[in-house]
Amino acid sequence: MADLIHRYKVDVYGIQETKMEVVDGGVLRSVGGGRLDDMAFKPLTGASGGILLCWNSGAWKKLDQSIGRFYVSILLIHPASGWKWCVSNVYGPQESVEREEMWRELAEVQMHGQLRGASSVTLTSQGLQGTGTGGAA
């Protein structure tokens, strides 16, 4: 994977189902090959899960992060342009009760108004609704 990240100059990368309790610098280097050098991580729960978002801190600066039961979200800014981008990596459950909990949790996520209320985009269980260009994940 590190070869592809370098070849295509990937600046943000997410992994679901890492099945890891801890992600350290060594794991980050093996995934990103030195190009991706910062991260937000949610450890596995039981025998499944684990969510990792990593990025190139030379291209993007983290303004905020939110980690929930089913997601990892980061609010990034591109320093040269000032463009803000909210990236979310969601690991959704198969059970309907847990899936409903996931949608409730995602609906409540707010990062400086980037996920909800900053535009006319709304996150629903049917997907994104609306026409805004805010930072909806």
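Before going into details, it helps to say that this report is about the structure given with it. These numbers come from a predicted model, not from an experiment.

## Some remarks on the pairing of strand 4 (residues 61–67)
As judged from the six bridges shared by strand 4 and strand 5 (residues 71–78), these two strands associate in the antiparallel manner. Counterpart to Q65 in the pairing with strand 5 is I74. The loop that links strand 4 with its antiparallel partner strand 5 comprises three residues.

## A short note on the nonpolar core
Residues A40, I51, L53, W55, A59, W60, V72, I74, L76 and V87 constitute the largest nonpolar core, which totals ten residues. Within the residue set of this core, elements represented by two or more residues are strand 3 (48–55) and strand 5. Sequence-distant contacts of W60, defined by excluding residues within four places in its chain, comprise D11, V12, W55, L76, I77, H78, P79, W83 and W85. V31, L36, L52 and C54 belong to the second-largest nonpolar core, a separate cluster that totals nine residues.

## Some points on a nonpolar patch on the surface
Side chains of M1, L4 and Y8 sit close together on the surface and give an oily, nonpolar patch of about 340 Å² of accessible area. In this structure, M1 sits in the segment before helix 1 (2–7).

## A few points about the sheet that holds strand 5
Read from one edge to the other, the open sheet built from three strands follows the order 4-5-6, with strand pairing classed as antiparallel. Among the strands making up the open sheet, the edge pair consists of strand 4 and strand 6 (83–90). When strand polarity is set aside, the average angle formed by the axes of neighbouring strands in this sheet is 15 degrees.

## Points about the pattern of salt bridges
Taken as a whole and judged by the stated rule, the model has four salt bridges. Close ionic contact of K19 with E17 constitutes a salt bridge, the shortest N to O distance being 3.2 Å. Because the salt bridges share partners, they merge into one network encompassing R69, E98 and E101.

## Details of the side chain of S73
Position of S73 among the secondary structure elements: in strand 5. A polar contact is formed between the side chain of S73 and the side chain of S88, at a distance of 2.4 Å.

Rules behind the numbers
- Residues numbered from 1 in each chain as written.
- Predicted model: local features only at pLDDT ≥ 70, side-chain atom pairs only at ≥ 80, totals over all residues.
- Heavy atoms only, no water.
- Pairing = 2+ DSSP bridges.
- Helix = DSSP H or I, 4+ residues; strand = E, 2+ residues; numbered from the N terminus.
- Core = buried A, V, L, I, M, F, W, Y, C linked by side-chain atoms within 4.5 Å.
- Buried < 20%, exposed > 50% of the residue type's maximum accessible area, 1.4 Å probe, protein only.
- Contact = heavy atoms within 4.5 Å.
- Patch = residues over 30% accessible without salt bridge, like charges linked within 9 Å, V, L, I, M, F, W, Y side chains within 5 Å.
- Areas by Shrake-Rupley, 256 points an atom, 1.4 Å probe, with all protein chains shown as cover.
- Salt bridge = Lys/Arg side-chain N within 4 Å of Asp/Glu carboxyl O.
- Axes fitted to C-alpha atoms, helices over the stretch in contact; angles between N-to-C directions.
- Polar contact = N/O pair within 3.5 Å; in protein donor to acceptor, adjacent residues only side chain to side chain.

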